[in-house]
Amino acid sequence: MMPSKTKLIEGQRGEPVRRRVIDAAECLLREGKADFSMRDLAAGAGVSFATPFNQFGSKAAIMHALSARRIDAMTMRFDAAPALPNAAERVLLAVEVAVAVMLEEPSVNRAVMGWLGTAGPAPGAVLAHSMSLWTLALGQGEGLLEARRAQALSSLPGQLAFAFRGVLSFWTAGELPDEALGPSAREIAQTLLLSFIE
């Protein structure tokens, strides 16, 4: 006799189960259920009630994982774009890509962003993940002032991550309309780049 589908899922470990839980959370958000319970999530994923807790520890950690999924999408799209020779141009391209990802599903992404200020059972990795996108965009700092290039490569990834997150927080709160997200994010990135370019 074949075991039930749920038993097969429960027998799996690690990444496939984590991905199934994250997919279910994303589906619930798309349905407008930002206040979903862990019981709703387990049912949507076809796993036991304990599985989301065992895999993530909290709803906040699940939302952090959804944020990581967005940053991964940004990174993949940036990587797939035509290469630009100048670091400042690449940063502005990364801004455009990041904004496009966020505006594809505004209600879902606002719900995810709204959770990023909530601590999970362990410190999140959203900052480090975001910094990796901006580090990729900066590359070797081509086109930046040579005398300040090392400082730019050291400090700009964090500063760009803080700045983009700040703009997103006002967008999440409804203080910044969708059409202002791109221009606002671009302007703050340009301001940060000013002291490193001629």
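Structural data are supplied above this passage.
So, here's what we can say about the structure.

Reading guide: rules and limits
Residues numbered from 1 in each chain as written. Predicted model: local features only at pLDDT ≥ 70, side-chain atom pairs only at ≥ 80, totals over all residues. Heavy atoms only, no water. Salt bridge = Lys/Arg side-chain N within 4 Å of Asp/Glu carboxyl O. Helix = DSSP H or I, 4+ residues; strand = E, 2+ residues; numbered from the N terminus. Buried < 20%, exposed > 50% of the residue type's maximum accessible area, 1.4 Å probe, protein only. Phe/Tyr/Trp six-rings, centres within 6.5 Å; stacked < 30°, edge-to-face > 60°. Lys NZ or Arg CZ within 6 Å of the ring centre and 35° of its normal.

1. Brief notes about the pattern of salt bridges
- Under the criterion given, the structure shown has 10 salt bridges.
- Between glutamate 105 and arginine 30 there is a salt bridge, with its nearest N and O atoms 2.5 Å apart. Residue glutamate 105 is located in the loop between helix 6 (87–104) and helix 7 (106–115), and its partner arginine 30 is located in helix 2 (residues 15–30); the two are separated by 75 residues in the primary sequence.
- A salt bridge links arginine 77 to glutamate 104; the nearest nitrogen and oxygen atoms lie 2.5 Å apart. Residue arginine 77 is located in helix 5 (residues 59–80), and its partner glutamate 104 is located in helix 6; the two are separated by 27 residues in the primary sequence.
- With a relative accessible area of 48%, glutamate 104 lands in the partly exposed category.
- If you follow the salt bridges from partner to partner, you end up with Asp23, Glu26, Arg30, Arg69, Arg70 and Glu105 in one network.

2. Here we look at the packing of aromatic side chains
- Within the structure shown, the criterion is met by 2 aromatic pairs.
- Pairing phenylalanine 49 with phenylalanine 53 gives two aromatic rings, centres 5.4 Å apart and planes at 70°, and the pair type is edge-to-face.
- Given a relative accessible area of 36%, phenylalanine 53 falls into the partly exposed group.
- Between tryptophan 134 and phenylalanine 164, the ring centres sit 5.9 Å apart and the planes meet at 65°, which makes this aromatic pair edge-to-face. Here the residue tryptophan 134 occupies a position in helix 8 (residues 126–138), and phenylalanine 164 occupies one in helix 9 (residues 149–172), the gap between them amounting to 30 residues.
- For phenylalanine 164, a relative accessible area of 8% gives the class buried.
- Between the NZ or CZ atom of arginine 39 and the centre of the ring of phenylalanine 49, over which it lies, the distance is 4.2 Å.
- Taking the ring centre of phenylalanine 36 as reference, the NZ or CZ of lysine 59 above it sits at 4.0 Å.

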